[in-house]
Every structure is written in structure tokens, then in C-alpha cells.
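Chain residues, written in single-letter form:
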Amino acid sequence: MRQTIRSYALVALGSVIFALAFDWFFAPNQVAMGGVTGLAQVMNAVVPALSVGVLSFLLNVPLFLAGWKFIGFHLLASSLFSMAVSSVAIDVIAALYPFAPMDPMLSCLCGGALMGVGLGIVFSQGATTGGTDVVARLLKLKLPWLPMGKLMLVPDFIVLALAAAVFGRVEAALYGAVGIFVATRVMDTVLYGLDTSKVAYIISDRWEELSRHLLGELDMGVTLLRGQGAYTGREKQILMVAFKQKAIVQVKKTVHEIDPGAFMIVCDAHDVLGEGFGDYQKEEI
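These lines cover the structure that appears in this document, whether it is placed above or below. (Residues numbered from 1 in each chain as written. Predicted model: local features only at pLDDT ≥ 70, side-chain atom pairs only at ≥ 80, totals over all residues. Heavy atoms only, no water.)

### What to know about the packing of aromatic side chains
Item 1. Enumeration over the complete set of coordinates arrives at four aromatic pairs.
Item 2. Taking the centre distance of 5.2 Å and the plane angle of 65° together, the rings of tyrosine 8 and phenylalanine 81 count as edge-to-face. Placement of tyrosine 8 in helix α1 (residues 2-26) and of phenylalanine 81 in helix α3 (residues 52-96) is noted, with a sequence separation of 73 residues between them.
Item 3. Classification of tyrosine 8 by relative accessible area gives partly exposed; the value is 22%.
Item 4. Relative to phenylalanine 99, the ring of tyrosine 97 lies with its centre 4.9 Å away and its plane at 65°, an arrangement referred to as edge-to-face.
Item 5. Aromatic ring contacts, followed pair by pair, group Trp24, Phe25, Tyr97 and Phe99 into a single cluster. (Phe/Tyr/Trp six-rings, centres within 6.5 Å; stacked < 30°, edge-to-face > 60°. Helix = DSSP H or I, 4+ residues; strand = E, 2+ residues; numbered from the N terminus. Buried < 20%, exposed > 50% of the residue type's maximum accessible area, 1.4 Å probe, protein only.)

Rendered as C-alpha cells:
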């Protein structure tokens with residue numbers, strides 16, 4: 001229950017950040033947005049009597065009905081919650097404080113970054129804000145190797161084209177495209193870039209002593225790989241070690257103290273699964 005409450009609290013936070021980005025940076029500058037919120041923005045320009053929040057909610061209902069069989073109960077419930085919070089927050093924030101226009105380029109950069117943070121938080125909890133996010137989530141089931149940010153681009157750019165036609169300004173769509181690009185990059189960073197694990201390959205004649213220190217003092221798993229020097233033809237033992245970012249200084253220090261002449265390659269590692277790291281999640285994004 002505690003984990004569920006925490007998850008929904010984060011979904012609510014991400015949804016409010018998403019709404020704030022729209023009201024603060026996109027709406028007052030007539031910068032087009034992608035997705036259903038962008039489509040609601042276009043419809044609001046044609047029929048001002050209907051608010052963006054209400055239109056966003058109404059447009060999302062058919063998408064949820066079409067996709068609920070494929071996305072599962074948790075994603076459906078959390079996404080409905082996120083959609084409701086973001087729709088209400090868009091109208092409430094707009095009513096409480098009308099933000100003044102600013103430089104369009106600044107608005108699309110800052111708005112895209114803030115929106116990416118909000119979407120990343122929502123997606124990290126296995127939810128969506130509705131609209132094309134649901135479409136992207138469904139596509140993710142068929143194309144699991146593609147990041148969520150890229151999967152959202154196609155429907156978003158279709159909405160941008162409509163916005164350009166309604167607003168009568170190509171600039172609105174172009175600025176919107178910049179905002180979407182920034183949002184998807186920031187969102188992917190929030191989703192995938194926070195996994196700051198590393199993997200090191202260490203080649204040393206003192207591999208046994210190194211292995212003992214890494215296993216004992218640093219409590220790290222070590223895998224031995226067999227290698228051969230191309231020039232000398234000598235067989236070598238290569239140590240492969242996975243560890244968290246915070247341990248990189250200690251690993252380098254240990255290797256240098258034991259064998260200053262050791263050859264070490266440190267690489268970024270994502271989606272590290274196993275003891276001491278993450279666990280496989282069937283519905284992860």
C-alpha cells in the first residue's frame with residue numbers, strides 16, 4: 001500500500017509539472033504542442049468556450065477504451081489518474097495565474113525541458129498522461145527496443161501540422177517541434193539516463209590480487225574473461241566488473257594501487273539486472 005501511494009503521488013507530481021509546462025510556456029505564446037493536449041489546444045482556438053483541460057479529457061476517453069485490453073489494469077488505472085490530474089491542473093493553473101508571453105524560442109526550450117521532466121516522472125511509474133502517450137505505450141509493446149521519446153514523435157508531428165494550419169503560423173509548429181524534441185530527450189534522460197551503472201574491463205598481470213580485493217573489500221561481483229594479446233600471443237585474464245557510479249573512484253584507486261600499469265576500460269552500462277542492481281519488470285518501458 002505504501003508503494004502504491006508513493007507511485008500515485010509521483011504520477012500526480014509529474015502530471016502537475018506537465019500541466020504547468022503547458023500553461024506557463026506553450027499556451028501564452030501560441031507554441032503548438034503535440035499529442036492530445038496539442039489537439040485540444042487547436043480545438044480550443046477554434047471553439048474557445050471549451051477549455052483545453054475539458055477537451056483533453058474528452059479526447060482521451062476513446063483512446064483508453066481502445067487500448068485498455070492491451071495495456072493492463074495498472075497502466076489503465078494510473079493513466080486515467082494521470083490524465084484526470086493533468087486535465088484539471090491545466091484549467092486550474094490557467095484560472096489562478098495567467099502567465100505572460102515570452103520569447104518563443106525560450107518558451108519552447110524551457111517548456112520542452114519541464115514537460116520532459118513531468119512525462120519522465122509519469123512514465124517511470126508505469127503510467128501515461130493519455131493521448132499519444134497511450135499510442136506510444138501500445139507501440140512499445142510491439143517495438144520494445146525503441147525509446148518512448150522516439151515512439152511519441154510520429155503522432156506529435158501530425159498534431160503540429162494541424163496546429164500550423166489552425167494558428168496560421170508555421171512558426172507555431174516549428175517552435176512546437178523544438179519543444180517536442182527537447183521534451184523527448186529530457187524524458188528519455190529521466191527514464192533511462194538515471195541508471196548510472198558502469199562496467200569496467202581490467203587487464204592486469206596481477207589479476208588474482210585485483211580480483212580478491214574487488215570481491216572482498218569492495219564486495220563486487222567479478223567475472224573472468226579469457227583473452228589473448230594480438231601482438232604477443234600471450235593469454236590474459238580480463239576482469240569484468242559492474243558497479244554503481246558512486247564506486248568508480250574507489251575502483252580506479254584500487255586498480256592503481258595494486259597494479260599501476262593495468263589497462264582498464266570503463267563504460268556506461270544501462271539496464272543492469274541481477275543481484276545488487278535492478279530486477280526484470282514485465283511492463284517496464
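### Thoughts on the sheet that holds strand β3 (residues 235-244)
Item 1. Spatially, β2-β3-β1-β4 is the arrangement adopted by the four strands of the open sheet, whose pairing is antiparallel. Strands at the two margins of the open sheet, each flanked by one partner only, are β2 (222-228) and β4 (263-269). Pairwise comparison of adjacent strand axes, ignoring direction, gives a mean angle of 25° for this sheet.
Item 2. Relative to β3, strand β1 (residues 197-203) runs antiparallel, the two being bridged by seven bridges. In the sheet register, alanine 200 faces β3, and the bridge partner there is valine 241.
Item 3. Contacting β1, β2 and β3, helix α9 (residues 207-216) runs over the sheet at an angle of about 15° to β3.
Item 4. Contacting β1, β3 and β4, helix α10 (residues 248-258) crosses the sheet at an angle of about 165° to β4. (Pairing = 2+ DSSP bridges. Axes fitted to C-alpha atoms, helices over the stretch in contact; angles between N-to-C directions. Contact = heavy atoms within 4.5 Å.)

### Points about the nonpolar core
Item 1. One finds Phe22, Phe26, Met115 and Leu119 to be the most contacted residues of the largest nonpolar core, which totals 24 residues.
Item 2. Only α1, α3, α4 (104-124) and α8 (170-193) provide two or more residues apiece to this core.
Item 3. In this view, methionine 115 contacts Phe18, Ala21, Phe22, Phe26, Met33 and Ala183; residues no more than four positions away in its chain are not counted.
Item 4. Ala200, Met220, Phe243 and Ile248 belong to the second largest nonpolar core, which has 15 residues in total. (Core = buried A, V, L, I, M, F, W, Y, C linked by side-chain atoms within 4.5 Å.)

### Concerning the packing of helix α2 (residues 35-46) against helix α7 (residues 153-167)
Item 1. Where α2 contacts α7, the two axes come as close as 9 Å, and the packing angle between them is 15°. Here α2 is positioned roughly parallel relative to α7, judged by the angle of their axes. Seen along the crossing, α2 lies across α7 with a hand that is left-handed. On α7, the residues that touch Gly35, Gly38, Leu39, Gln41, Val42, Ala45 and Val46 of α2 are Asp156, Val159, Leu162, Ala163, Val166 and Phe167.
Item 2. For the contact of α2 with α7, the residue count by class is nine nonpolar, three polar and one charged. (Parallel < 35°, antiparallel > 145°, perpendicular 65-115°, else oblique. Left-handed = near helix turned anticlockwise from the far one by under 90°. Nonpolar A, V, L, I, M, F, W, Y, C, P; charged D, E, K, R; others polar.)

### Concerning the side chain of aspartate 23
Item 1. Here aspartate 23 shows up in helix α1.
Item 2. This buried residue, aspartate 23, is left without a salt bridge; arginine 169 holds the nearest opposite charge, at 16 Å.
Item 3. Apart from the residues lying within four places of it in its own chain, the contact partners of aspartate 23 are Pro28, Ala89, Ile90, Ile93, Ala94 and Phe99. (Lys, Arg positive; Asp, Glu negative; His and termini not counted. Salt bridge = Lys/Arg side-chain N within 4 Å of Asp/Glu carboxyl O.)

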